[in-house]
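Working through the structure, step by step
Chain by chain, the residues:
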Amino acid sequence: MNAQKNSGSMEKLRKSSQWKDVWIRLRRNKLAMVGMVIAVLLALMAIFAPVIAPYDYQVQSIAERLQMPSAQHLMGTDNMGRDILSRLIYGGRISLLVSLLAVIVSLVIGGLLGAVSGYMGGKVDAVIMRLMDILMAIPGILMAVCISAALGGGVWQTALAIAVAGIAGVCRLVRGQTLTLRNQEYIEAARASGSGTLRILLSNIIPNCLAPIIVNTTMSIGGNIMMISALSFVGLGVQPPIPEWGAILNSGREYVSTFWPLITFPGIAIALTMFGFNVFGDGLRDALDPKLKQ
Amino acid sequence: MKVLEIKDLVIEYQTMDGTVHAVNNINLDLEEGETLGLVGETGAGKTTTALGVLRLIPDPPGVIKSGQILLKGKDIMSMSGEELRAMRGDEISMIFQDPMTALNPVLTVGEQIAEIYFLHNECSRAESMEKAREMLEMVGIPGERADEYPHQFSGGMKQRVVIAIALACQPALIIADEPTTALDVTIQAQVLDMMKNLKDQLETAMLLITHDLGVVAEVCDKVAIMYAGEIVEYGTLEHIFNHTMHPYTMGLFNSLPSLDKDADRLRPIHGLMPDPTDLPSGCPFHPRCPYARPECAESHPELRDYGNGHLARCLFCDGQLGAENTAEEEKPAMAAATEKEQTLDVLLEAVHLKKYFQTRGGLLHAVDDISFTIERGKTLGVVGESGCGKSTLGRALIGLNEATDGQVLFEGQDVTHLKGRERRKFLTNMQMIFQDPFSSLDPRKTVFEQIAAPLRINKVCRNKRELEQRVADLMETVGLARRLTYSYPHELDGGRRQRIGVARALALEPKFIVCDEPVSALDVSIQAQVLNLLQDLQAAKNLTYIFITHDLSVVRHISDDIMVMYVGCMVEKCASHELFDYPLHPYTKGMLSAVPIPSINMEKKRIIMQGELTSPVNPKPGCRFANRCPYATDECRSVQPAVEEVRPNHFVACHHVREINGL
């Protein structure tokens, strides 16, 4: 009913496209915009790291080790005398790239498996879910450790390890959603119109699973950054001297009480990233849900 | 003594879109032992009024702006939280619409009733349990069943339990919000009967909220008709049913398909309930009123007494209504044009169709050996209570559920087990309109996308322009405004949503449409609009319908033939008027007599059918109706009766049909 009142303005914007509509709804959510700005800045920072970073991230200078923040080194230097700011900027590249890659891989594989499993049911469901049970039985970090150990350290290997550890979670989430959606009449209506299984999955089921998927994705970007650091810590993740936020944070462990910049700045970077992605994800979920349109 | 007095009650909801005037200045009172029916369509403010009496309005966004609510002379508005808690359940109790969700699944029903005694009467657990058993006996459930859990009871039994809980503390007032809407007719008849008896026994006052004028005629003493948050007419049953004054009330009666007279078209109220954030000036009903005059848009009528407590809120209802503005009735040109062709052209035939489902309990016989034919351009109504397999039958016909056994012949071609591309091609001939206009539309797709989907899937249109044109044409056919093209389903009301469903079904120009309860989720005035639309489309496009419903008056209105189903089996099939005039099967007779009729002038001979439906899981041999049938013999309990043509074109499955009906 309220739609009629606003229909004049609504219609104009609808005609353009659905995505423009989403964008307008997203823009009204201030917190989400803050999150998006953070995410975009981080991405830019990662892409243009060589341009922005004031120093080379691997040049060591024992003479300048553990310096407090100053005009020369905005965030001080680490135990090897490297510029912390430069290492954070380069480290963002690794952290973001690896965790994004991992999220995308686990989302695609887990999402498809979950949708198929939930929609088909029966034996297909049983087989997929038992496989997921096996994945779930091994703690995610242990799984990642095993895979990294087998494939060796490195950016791609780390991403793959983390992705595999995330598949089961996404799969279960999407399967649960699909199970509730499967019995909706509009799915049946789509079948009555002649849609095949694949079409129903792609055009009806997955779009309607988007909300929890997006929230899960943004949450796991934060979680993945933590897992990368954990892997780096046991020596299986990204290998030094490539900087990585978790690794930098870990290297500051010994200096917790004596030299605060080494743990504080990477900590802030990780926290800020997680915050940014989380609020952006929440906002995106609301913007993508036409029911929440105000 | 007055149990409840509501004076000048105003309730508003503050929402993002503005203030919703849910209840505007309502005055009501209720004497001891009296039942007041609060009638109106969705959004009229009935439930808000009831929640207001319990002070259960969610706040925010709801606010009781002004007014007084007196319960036995005590002002509810000034009560503290503690007093309110004591009052609820003890002085006022509420019966909710859906018994499935009103009971706690992890407590036994006995515990749930006993809890009320324990909380309010301060007796021990054991005593409470004892009283709970008594209460169950009172609503017709054996006391031993107190130790069972809700899932062990059927829908009607659960509603009895809910009523037992409501009655437990012998409250002065019961508020019943659509108490029988979720129940089947025969079960509804049992529950209504029980409610009437209990009311007489206990002298409890009852506020009955309903949209069903038939139920009102059965149980109420007084009626208040609500529209847009106001009472538009108020009076005794006699006043409302026999001396209707307000045009809205008249419109409600006209929208109802009747069980006892044939009408070609229903006369629905035009348009929709106004947006409660933006009520029209003057009389809120004037934009829809067939008698509206310019004055109606200017001054807001007062509720006036027209003698003996018959109140109405209309400027001209004292005999000055004048002629109806018939100009508003758009006579669809297409409807008149085509006479139904009288050729005996069989479009669809089902031959010994069976659909079984494997469940944990055993084999569920959802559709058990049903055979029938439908002629082109006709409507076959399928009626039966929930769980009788009527929806499964519809889905099996168009191949949404593949039949276990038997055949479906469409224009002579066997289409029972089509797969892949063949099925898709064939599906363009057969479509389905679904029951729930809320769950049958994808919430993330615009109206355009919903209607375009079948066209896209089947690659009917060559380019985007053609697609847009087709969708626009379809929207016009079903009466959807162009400006709604890019709206999302949740922005539309039930009637419009159902029109989208109809447009989607029509998109591929099918010959045959299965309508699965297409109007049961809609308000009466909207229901009438959609029924008229379906009839017009049938006439214009020579469509063939299977119309599945539990509503006997709707099925009589729309069908040429009717098939009655009971627990997976067909028990009777004949021409529509014949079924209502000469029902032969004992179940049909009982079901017809159970329908509450919105009239108070008819002598009702009610055959109350005892008991509940038999389970369709691994059914025993014999007639499935035998356990409820007053004529059942040993033969009925052991041999399943075959379908026989008892009179010309009148098929019945009953061993004793001839004796019972003296044929």
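Above: the structure in question.
Keep in mind that this is a model prediction, so the values were computed, not measured.

We now examine unusual backbone geometry. Note: most residues except glycine have negative phi, and most peptide bonds are trans. All names here are of chain B. Of note, the phi angle at N542 is positive, near 50°, even though the residue is not glycine. Mapped onto the elements of the fold, N542 is located in the loop between α17 (524-541) and β20 (544-549). Phi at V567 takes a positive value of approximately 45°, unusual for a residue other than glycine. Relative to the assigned elements, V567 resides in the loop between β21 (561-566) and β22 (569-575). On the accessibility criterion, V567 (0% relative accessible area) is buried.

The subject of this paragraph is the sheet that holds strand β10 (residues 230-236) of chain B. Residues and elements named next belong to chain B. Ordered in space as β6-β7-β8-β3-β9-β10-β12-β11, the eight strands form an open sheet in which the pairing is mixed. Only two strands of the sheet have a single partner each, and these edge strands are β6 (92-95) and β11 (304-305). Where strand β3 (residues 35-39) lies against strand β8 (residues 205-210), five bridges are found, and the strand directions are parallel. Of the residues in β8, the one forming a bridge with T35 is M206. Sheet contacts for helix α10 (residues 247-255): β3, β9 (222-227) and β10; angle to β9, the most-contacted strand, approximately 100°.

All chains considered together, the criterion is met by 32 salt bridges over all chains. Between A:R285 and A:D282 there is a salt bridge; the shortest N-O distance is 3.9 Å. Of the two residues, A:R285 and A:D282 both sit in helix α12 (residues 261-288), three residues apart, roughly one turn of that helix. Judged by relative accessible area, which is 28%, A:R285 ranks as partly exposed. We note a salt bridge from B:E578 to B:R647, for which the minimum N-O separation is 3.0 Å. Of this pair, B:E578 sits in helix α19 (residues 576-581) while B:R647 is found in strand β23 (residues 644-647), placing the two residues 69 residues apart along the sequence.

Residues and elements named next belong to chain B. Overall, mixed pairing links the eight strands, which are arranged β18-β19-β20-β15-β21-β22-β24-β23 in an open sheet. Edge positions in the sheet fall to β18 (430-433) and β23, since each has one partner strand and no second. Direction aside, neighbouring strands of the sheet carry axes that sit 20° apart on average. Packed onto the sheet, helix α16 (residues 494-506) meets β18 and β19 (512-516) and runs at close to 175° relative to β18.

Scoring rules and cut-offs
- Residues numbered from 1 in each chain as written.
- Chains lettered and ligands numbered in written order.
- Predicted model: local features only at pLDDT ≥ 70, side-chain atom pairs only at ≥ 80, totals over all residues.
- Heavy atoms only, no water.
- Helix = DSSP H or I, 4+ residues; strand = E, 2+ residues; numbered from the N terminus.
- Buried < 20%, exposed > 50% of the residue type's maximum accessible area, 1.4 Å probe, protein only.
- Pairing = 2+ DSSP bridges.
- Contact = heavy atoms within 4.5 Å.
- Axes fitted to C-alpha atoms, helices over the stretch in contact; angles between N-to-C directions.
- Salt bridge = Lys/Arg side-chain N within 4 Å of Asp/Glu carboxyl O.

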